[in-house]
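Here are the chains, one letter per residue:
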Amino acid sequence: MKLYLFFITAFMFSASIQAQEPNEAWNLSPMGSSLMVHGGTGLIQTPTSRMLAEGDLHVSYTDNDEYRFWSATLQLFPWLQSTVRYTDVRTRLYSPFPGFSGDQTLKDKGIDVKFRLIEESYYLPELSVGFRDFGGTGFFESEFVGLSKKYGDFDFHLNMGWGYLGTTDNTSNPLCDLRDSFCKRPGGFSGLGGKIDYQRFFKGPASIFGGLEYQTPWAPLRIKLEYEGNNYINDRAGELKQESRWNIGAAYSWKNFDFSINYQRGNTIGFGVNYNFNLHTLRQVKVDNQPRQLKVKANNFPITQTNRNRLIEDLYYQAGFALDDSRFEEDSLTVYGQQISYRNKNEAIERMGRIMAFELPETVKTYQIVSTAGSIPLVETVIDADAFKKQAKYQTLEPNMASTYRRQDLSQVSVDNYTPLNTAGFFSGIEAFWIQTFGNPEDFYLYQAGVLINGGYSFNGKSSIAGTIKANLFENFEKFTFTTDRAKSSLPRVRSNAREYVSNREVTMENLFLHWNGRIAPNLYAQVYGGYLETMFGGAGAELLYRPVDSNLSFGFDINYVQQRSYENDFDFFDYKVLTGHANIYWQPSFLPKTQITFNIGQYLAKDKGVTVDFAKRFDSGIVVGAYAAFTNVSSEEYGEGSFTKGFYLSIPFDLFSLKPSKGQGRLPWIPIARDGGQALIRPITLYNTTEARSLFN
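(A) Highlighting the environment of glycine 530. Mapped onto the elements of the fold, glycine 530 is located in strand β22 (residues 524-532). You can call glycine 530 partly exposed: its relative accessible area is 22%. Put simply, glycine 530 and leucine 514 are 16 residues apart on the chain and 5.4 Å apart in space, counted from C-alpha to C-alpha. Not counting residues within four places of it along the chain, the set of residues in contact with glycine 530 comprises Leu512, Phe513, Leu514, Gly539 and Ala540.

(B) Main features of the packing of aromatic side chains. Summed over the entire model, instances satisfying the criterion amount to 36 aromatic pairs. Between tyrosine 198 and phenylalanine 201, the aromatic rings sit 5.8 Å apart at their centres with planes inclined by 70°, giving edge-to-face as the arrangement. A relative accessible area of 56% means that tyrosine 198 is categorised as exposed. Arranged with centres 4.0 Å apart and planes meeting at 15°, the rings of tyrosine 586 and tyrosine 688 form a pair that is stacked. Note that tyrosine 586 is positioned in strand β25 (residues 573-587) and tyrosine 688 in helix α9 (residues 687-690), a separation of 102 residues in sequence. Judged by relative accessible area, which is 8%, tyrosine 586 ranks as buried. Grouping aromatic residues by their ring pairs yields a cluster made of Tyr67, Phe69, Phe139, Phe140, Tyr164 and Tyr232. The lysine or arginine in question, arginine 265, covers the ring of tyrosine 232, its NZ or CZ lying 5.0 Å from the ring centre. Against the face of tyrosine 649 rests arginine 667, its NZ or CZ located 3.7 Å from the ring centre.

(C) Up close: the pattern of salt bridges. Taken as a whole and assessed by the stated rule, the structure comprises 35 salt bridges. One salt bridge in this structure joins arginine 50 and glutamate 126, with 3.8 Å as the shortest N-O distance. Within this pair, whereas arginine 50 is found in the loop between α1 (3-18) and β1 (56-64), its partner glutamate 126 is found in strand β5 (residues 126-132), the two being separated by 76 residues in sequence. For arginine 50, a relative accessible area of 10% translates into the label buried. Aspartate 314 is the salt-bridge partner of arginine 292, the closest N and O atoms lying 2.8 Å from each other. Placement of the pair is arginine 292 in the loop between β12 (268-278) and α3 (308-319) and aspartate 314 in helix α3, with a sequence separation of 22 residues. Overall, the relative accessible area of 12% leaves aspartate 314 in the buried class. In this structure, a network of salt bridges that share partners links the residues Arg50, Arg116, Glu119, Glu120, Glu126, Lys149 and Asp155.

(D) A look at the packing of α3 against helix α4 (residues 345-359). Between α3 and α4, whose axes approach to 10 Å, the crossing angle comes to 155°. It follows that α3 is roughly antiparallel to α4 by the angle criterion. Once α3 is placed against α4, the crossing between them reads as right-handed. On α4, the residues touching Arg310, Leu311, Asp314, Leu315, Gln318 and Ala319 of α3 are Arg351, Met352, Ile355, Met356 and Glu359.

(E) Quick look at the sheet that holds strand β10 (residues 246-254). Spatially, twelve strands are ordered β1-β2-β3-β4-β5-β6-β7-β8-β9-β10-β11-β12 in a closed barrel, and the strand pairing comes out antiparallel. Pairwise comparison of adjacent strand axes, ignoring direction, gives a mean angle of 20° for this sheet. Across eight bridges, the pairing between β1 and strand β2 (residues 67-77) is antiparallel. Counted as the bridge partner of leucine 57 is leucine 74 from β2.

(F) Spotlight on unusual backbone geometry. Of note in the backbone geometry, phenylalanine 202 takes a positive phi value of approximately 60° without being a glycine. Located in the positive-phi region is lysine 594, a residue other than glycine, with phi close to 55°. Relative to the assigned elements, lysine 594 resides in the loop between β25 and β26 (595-603).

(G) Region of the structure containing the environment of valine 59. Locating valine 59 in the fold gives a position in strand β1. On a C-alpha basis, the gap between valine 59 and threonine 73 in space is 6.5 Å, while along the polypeptide they are 14 residues apart. Ignoring any residue separated from it by four or fewer positions in sequence, one finds valine 59 in contact with Ser71, Ala72, Val273, Asn274 and Tyr275.

(H) Structural detail: the packing of α4 against helix α5 (residues 385-392). The contact between α4 and α5 brings their axes to 10 Å, and the two run at 105°. Taken as axis vectors, α4 and α5 run roughly perpendicular relative to one another. Every residue of α5 that contacts α4 at Glu350, Gly353, Arg354 and Ala357 is listed here: Phe388, Lys389 and Ala392. Split into classes, the residues belonging to the contact of α4 with α5 amount to three nonpolar, one polar and three charged.

(I) Highlighting the sheet that holds strand β16 (residues 376-384). The five strands are arranged β13-β14-β15-β16-β17 in an open sheet whose pairing can be described as mixed. The open sheet has two free edges, formed respectively by β13 (321-328) and β17 (405-408), since each of these has just one partner strand. Going from strand to strand, the sheet's axes swing by 25° on average, the running direction of each strand aside. Summarising the sheet, β13 and strand β14 (residues 332-339) pair through seven bridges and their orientation is antiparallel.

(J) Structural detail: a nonpolar patch on the surface. Together, Leu225, Trp246, Ile248, Ile261, Tyr263, Ile269 and Phe271 make up a nonpolar patch on the protein surface, roughly 700 Å² of accessible area in all. For the nonpolar patch, the elements supplying multiple residues, two or more each, are β10, β11 (257-264) and β12. In this structure, leucine 225 sits in strand β9 (residues 221-227).

Reading the values: the criteria
Residues numbered from 1 in each chain as written. Predicted model: local features only at pLDDT ≥ 70, side-chain atom pairs only at ≥ 80, totals over all residues. Heavy atoms only, no water. Helix = DSSP H or I, 4+ residues; strand = E, 2+ residues; numbered from the N terminus. Buried < 20%, exposed > 50% of the residue type's maximum accessible area, 1.4 Å probe, protein only. Contact = heavy atoms within 4.5 Å. Phe/Tyr/Trp six-rings, centres within 6.5 Å; stacked < 30°, edge-to-face > 60°. Lys NZ or Arg CZ within 6 Å of the ring centre and 35° of its normal. Salt bridge = Lys/Arg side-chain N within 4 Å of Asp/Glu carboxyl O. Axes fitted to C-alpha atoms, helices over the stretch in contact; angles between N-to-C directions. Parallel < 35°, antiparallel > 145°, perpendicular 65-115°, else oblique. Left-handed = near helix turned anticlockwise from the far one by under 90°. Pairing = 2+ DSSP bridges. Nonpolar A, V, L, I, M, F, W, Y, C, P; charged D, E, K, R; others polar. Patch = residues over 30% accessible without salt bridge, like charges linked within 9 Å, V, L, I, M, F, W, Y side chains within 5 Å. Areas by Shrake-Rupley, 256 points an atom, 1.4 Å probe, with all protein chains shown as cover.

What is shown is where atoms sit, not what they do.
So, in structure tokens, the structure goes:
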């Protein structure tokens, strides 16, 4: 089939709908989108161009006889959807060597991504392009272009697919007319998995496939019918018998769950369940005081009659501000301290402003809040008292508290007048940890949980000695029988012996180090540190960071000379030493809301050189979803399985588990394969986190 024939088909598909007279059947309001077997919005075995609501996260399990799938589908932006997936192939063993994996079945990781190019309108169908299993070993590797159009309770889908989705070859590849290289799909995969094979995209046999989804009058139930483009001849589970290319299924919704059942290939019954929630709207009920209501009458008394003790207590208990210094003047009040409760800076400032307006006389025209870290001032918030009171008393048609204050770099007066409380003394804390890993040869799911006990002594709020003890409480890491791999490697083993550091060690010293940090110039912060810096390395280092207030761009660099720690004794070292460091760029692009992209450029622990790119998206709930990849001068063959370092993480605010407002985040990483290339030092303290108050990631 020629290229133009595909577009004629697509045009006829949309034009046949446009030919109808406009009426109430043309309801473009979303009827919702359900998932296919592999995860991601779709019918049964085939994807569609449909998207979920921004922030939707669907966690799924499906069972299709030869295959079991665990997947998580996230709608990062209205136009971008991503799916990560684990596949269990029941008909194959994890390894042909029984001593390596026993009777565990084959597991595989996969990543899908889909982009919406045109959003559905009254006349135009939705148009999307998707890539399946593009970053793994290619079990289901394919690409597709899809059209979707809704008519009443019916949602119609027409797609063209390549790779796994195009194996029936029921049409000619239209791109073959543009260039001969598209006529044949290259065989095999470069590297050892994990590498994106761009040279295979949209090449080789192609198929037309599609179907429809019907929303029944009974709201929880929808019916699906599809015609697929895969022939199942070269499946990883072996050649599967296909008696029909028509599949039918049903999806039933109940609260946050979707249950599905389907009949595939004319001979196979499948079923699944997924749990759905939205990362923007996720909330925890709070037991908290209402913001302070202002007095009707003015406070006509001198500043000297202010009840300072009550003011300090109210700022702490009702606004979460721990004050460590203050300056009272006839027309202004300056307070220094840390916000310990409220993640949202606007809520924190409004609560503080209301308390100060309630307690202070009318002669005070300016409230200044200087946020600190330790005894280091970070950012100054200046509130216009009169404007704030007018907004707080709802004397305007559309109250806007944010218009009454400004955030700025520290004035010299604020810095010079800051005399923090005695910050010398001991400190301590305890927090829980959870480490998990999927798809291992010994067991599919391995975990380790316990507590991190940290503490130390602060000399002056800027200098300290600190350490962390890790105590394991329960785990199944004793199953780690496969420690350092025997694969040949030209790189020093800086991370691939990670299992020796975590197996059979109940109590370990994670770090123990000396540290100093401070503000050395406007917008410029520095730190130096030395000791046992992380689980695998110790040494000394320094960092500089330039971070203007509320700027979408910050940058700095770090340099470290470290030596590899022994996994046999917490205090010993191996012989390996390395100079490592990076130039660090932190960018929040204006065209991608609530998104941060970080670039770390330099030399890694294995002495390879390159850049790590980290992409993070923050949702309204405070949850951050991120992914990163390191690209260095190490080839995929030198790197080994996985081809290059990459990973994902989920950062969850403690606020979602507490009945009281709280700050802090817990991080859950997922690293498909961690080897030695592109591995950075895990510094115990970073200036970007320390100076977070200067330009919040929101």
